[in-house]
Amino acid sequence: RSGLRVLEADTVEEKARVNILDRRNSSSGFGDIEVTVDLPGILNGTEVEADTTDEEATENLAAHTVLRVLVPGKFRADVVLPVQIDPGALSHGKFNRKAGKITFTLPVRQQ
């Protein structure tokens, strides 16, 4: 989708894959953004650190939130979301050990 960028997603051994699903209503803008990060070989969700940072609009990019996902020494993904999410929305992700993925469902901030 246009407007979605992965600034950095890497590991010492291989690239981390990030999938973003924009589930906002096209007319109202209500909804959420779902972000799934592949973390192969990670067996416990407690190894995963995540936080968000709101960034102001620039000449080339509207105001948005950056989701940072980190497994120290193994994976890092800085994902630029197309909009800002609700403050405090990042309580935890849903970790799937069998699939080696963590998924965050982030509600869009209403202006």
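What you see is a predicted model; the values in this text were computed from it and never measured.

Caption draft 1: Seen up close, the overall build of the protein chain. In terms of regular secondary structure, the protein chain is built from zero helices and eight strands. Counting the 111 residues in the protein chain, one finds 32% classified as buried. Long-range pairs, those at least 24 residues apart, make up 49% of the contacts in the protein chain with a sequence separation of at least 6. Taken as a whole, the protein chain presents about 6800 Å² of accessible surface, with 46% of it coming from carbon and sulfur.

Caption draft 2: Representation of the environment of Glu49 within the structure. In this fold, Glu49 is placed in strand β4 (residues 49-55). Judged by relative accessible area, which is 43%, Glu49 ranks as partly exposed. Along the primary structure Glu49 and Val69 are separated by 20 residues, whereas in three dimensions their C-alpha atoms are 5.8 Å apart. Setting aside residues no more than four positions away along its own chain, Glu49 makes contact with Arg68, Val69, Leu70 and Pro72.

Caption draft 3: Looking closely at the environment of Gly41. Mapped onto the elements of the fold, Gly41 is located in the loop between β3 (32-38) and β4. Among the residues examined, Gly41 registers a relative accessible area of 66% and is labelled exposed. When the C-alpha atoms of Gly41 and Lys101 are compared, they prove to be 9.6 Å apart, with 60 residues separating the residues in sequence.

Scoring rules and cut-offs
- Residues numbered from 1 in each chain as written.
- Predicted model: local features only at pLDDT ≥ 70, side-chain atom pairs only at ≥ 80, totals over all residues.
- Heavy atoms only, no water.
- Helix = DSSP H or I, 4+ residues; strand = E, 2+ residues; numbered from the N terminus.
- Buried < 20%, exposed > 50% of the residue type's maximum accessible area, 1.4 Å probe, protein only.
- Contact = heavy atoms within 4.5 Å.
- Areas by Shrake-Rupley, 256 points an atom, 1.4 Å probe, with all protein chains shown as cover.

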